[in-house]
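An overview of the molecular structure
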Amino acid sequence: MCLGIPGEVIEISPDHPDLAKVDVSGVKRLINIGLLADDPPKPGEWVLIHVGFALSKIDEAEAAAAMQFLEGIGQAYEDEIAALRDSMID
Amino acid sequence: MRFVDEFRDADKAHALAAKITALCEPGRQYKFMEVCGGHTHTIYKHGLEDYLPEAINLVHGPGCPVCVIPMGRVDDAMALASDPNVIMTSFGDMMRVPGSQGSFFDAKAAGTDIRMVYSPLDSLKIARQNPERQVVFMAIGFETTAPSTAMTMLRAKAEGLKNFSIFCNHVTIIPAMKAILDSPDLRLDGFIGPGHVSTVIGCRPFEFVARDYGKPVVVAGFEPLDILQSIYMLMVQLSEGRSEVENQYSRVVPWDGNVVALKAIAQTMELRPYFEWRGLGFISHSALRVREEYAEMDAERLFSVPGVRVADPKACQCGEVLKGVLKPWECKVFGTACTPETPIGTCMVSPEGACAAYYNYGRMNRHRVAETTSAAAGSASAGSAPAGSAGRS
């Protein structure tokens, strides 16, 4: 659960500006971007996601490095992606 | 070796290791604590200790959220969950943490309504779908996770949701670091500071370590090279007689943290006078509880919680491991009675726990790895037995 996983912002929810659809390893889900209200991410930008919330903006190189690291850790990352897939944030 | 296979920058790693070695004073031993369980995971996944000179000792800290939850709080959560009007929601990591009567998974198998969620926000949907029942979120974690709980509470309040509450077990890292610094058991030379916690709290809260205790702190990222770089930065400070807070992970961690997140926590939660940590005992002002203004979302006010203190199993030495006094393999039950499949202690539960990290990567002890490596290096088939090849990963 303590993992920070990188996701690319696809779109900001039209109904709820605190929510954004992100792509994490091909899994597309809504997350909350309220913690970045001072400098909200735009589509195409990358964020570090923790338990359904974007914690910080990161650049693409950092995202790629973080993803490579996460894919290397195996089960813990698979569990995290499986949990994200089951999430129901709306 | 694994490190070479997986990392393009193995040359950089060797170069950093050489620079670290060059800074070691002859005959001196250095002890650095990596506070965060994510760092522990990186260190053992990539066998970083094998790259460092013998004089550098990495000590694993208490920064694994599920590892520090005391048994009594698990039992309290079970008591809450056993109320037929309650739906308990929990992160997956928490599901296997043993209380005195088993884990959430055991209770779920026996029919208790405990549901695994990815995010505290998932609990809101469950609450909307079950208006006749109270949904209690098992809130755990350090400052990385507390803002998510806080934002979820703010959202529930804005929606006027009446059947969502939290069982608050959020803890704060600074008092735990202070407790470790004040402990006579352990003399540290510096800290590898937590990366994700610092995205929220920033670097300033660590300044007391440098100022009052004269120990350097370097906030670090999670790549193997980040950690080696951070150890190098610690060594440079020591060699120059400095003790400062430095930010190796500035590409992600702002010096002042995340102000929105800190405000959300402050709005919904306040410090408890004291809280019990597994292995560390009671620490003053080391955890958060729900503010009076949000009393209707505080499961501890809504329900009668037993609040009984439960001693850890006698065989379990998680406390010593969490304080960095014992290495995981020095615990009597490590890898025998206590494994990730049947954990006795919390350090074996989470992949971020020091014991699980050691176990999963075949680090039964440092000597064995060193012997394996030197034996391999000395044989004709040098390199055929890479360090940690007994790993189960």
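Residues numbered from 1 in each chain as written. Chains lettered and ligands numbered in written order. Predicted model: local features only at pLDDT ≥ 70, side-chain atom pairs only at ≥ 80, totals over all residues.

Looking at the confidence of the model for chain B
Residue and element names in this part refer to chain B. Looking at chain B, pLDDT values average 87 and 90% of them are 70 or higher. Confidence drops under a pLDDT of 50 for residues 1-8, and excluding neighbours within four residues, the segment shows 13 contacts in the predicted structure. Residue range residues 368-393 is modelled with pLDDT below 50. Its contacts to residues more than four positions away, or to other chains, number 33 contacts. Here the complex is predicted with pTM 0.88, and the ipTM for its interfaces comes to 0.92. (pLDDT = per-residue confidence, 0-100. Contact = placed C-beta atoms within 7 Å.)

What to know about the packing of helix H2 (residues 10-23) of chain B against helix H11 (residues 224-239) of chain B
All names here are of chain B. The geometry of H2 relative to H11 is characterised by a closest axis approach of 9 Å and an angle of 20° between their N-to-C directions. In terms of orientation, H2 lies roughly parallel with respect to H11. The crossing of H2 and H11 is left-handed. Packed against H2, whose contacting residues are Lys12, Ala13, Leu16, Ala17, Lys19, Ile20 and Leu23, the element H11 presents Pro224, Leu225, Leu228, Gln229, Ile231, Tyr232, Met235, Val236 and Ser239 at the interface. (Axes fitted to C-alpha atoms, helices over the stretch in contact; angles between N-to-C directions. Helix = DSSP H or I, 4+ residues; strand = E, 2+ residues; numbered from the N terminus. Parallel < 35°, antiparallel > 145°, perpendicular 65-115°, else oblique. Left-handed = near helix turned anticlockwise from the far one by under 90°.)

Digging into the pairing of strand S2 (residues 19-24) of chain A
Residues and elements named next belong to chain A. Summarising the sheet, strand S1 (residues 5-12) and S2 pair through 4 bridges and their orientation is antiparallel. Bridge assignment links Glu11 to a residue of S2, and that residue is Lys21. Connecting S1 to the next strand, S2, in antiparallel fashion are 6 residues. Bridge count for S2 against strand S3 (residues 27-32) is 6 bridges, and the pairing is antiparallel. (Pairing = 2+ DSSP bridges.)

Considering the sheet that holds strand S7 (residues 190-193) of chain B
All names here are of chain B. Strands sit in the order S2-S1-S7-S8-S9 across an open sheet of 5 strands; the sheet is parallel. Of all strands in the sheet, those bounded by a partner on one side alone are strand S2 (56-63) and strand S9 (245-247). Averaged over all neighbouring strand pairs, the angle between strand axes comes to 20°, with direction disregarded. Direction of pairing for S7 relative to strand S8 (residues 217-219): parallel, over a ladder of 3 bridges.

Observations concerning the interface of chain A and chain B
With 31 residues of chain A at the contact, the number on the chain B side is 34 residues. For the side of chain A that touches chain B, the secondary-structure elements that each account for two or more residues are strand S4 (46-50), strand S5 (53-58), helix H1 (60-73) and helix H2 (75-85) of chain A. The element that contributes the greatest number of residues to the side of chain A that touches chain B is H1(A), accounting for 5 residues. Looking at the side of chain A that touches chain B residue by residue, the classes come out as 17 nonpolar, 9 polar and 5 charged. (Nonpolar A, V, L, I, M, F, W, Y, C, P; charged D, E, K, R; others polar.)

Focus: helix H12 (residues 259-268) of chain B
Residue and element names in this part refer to chain B. Here H12 has its buried residues at Ala261, Ala264, Ile265 and Thr268. The arc enclosing the buried residues of H12, seen along the axis, measures out at 95°, which places them on a common side. Buried positions along H12 lie against helix H7 (146-159), helix H9 (195-201), strand S10 (269-271) and strand S13 (288-290). (Buried ≥ 20, exposed ≤ 12 C-beta atoms within 10 Å, placed from the backbone. Arc of directions from axis to C-beta.)

Description of H1(A)
All names here are of chain A. Counted at 1.5 Å a residue, the expected span for H1 with its 14 residues is 20 Å, and the 20 Å between its end C-alpha atoms agrees. What H1 keeps buried is the set Ala66, Phe69 and Leu70. For H1, the angular spread of buried residues about the axis comes to 95°, placing them on one side. Summarising the geometry of H1, the exposed residues directed more than 90 degrees from the buried face are Glu60, Ala61 and Glu71. Once H1 finishes, Gly74 follows within two positions and takes phi at roughly 75°, a positive value. (Expected span 1.5 Å × (residues − 1).)

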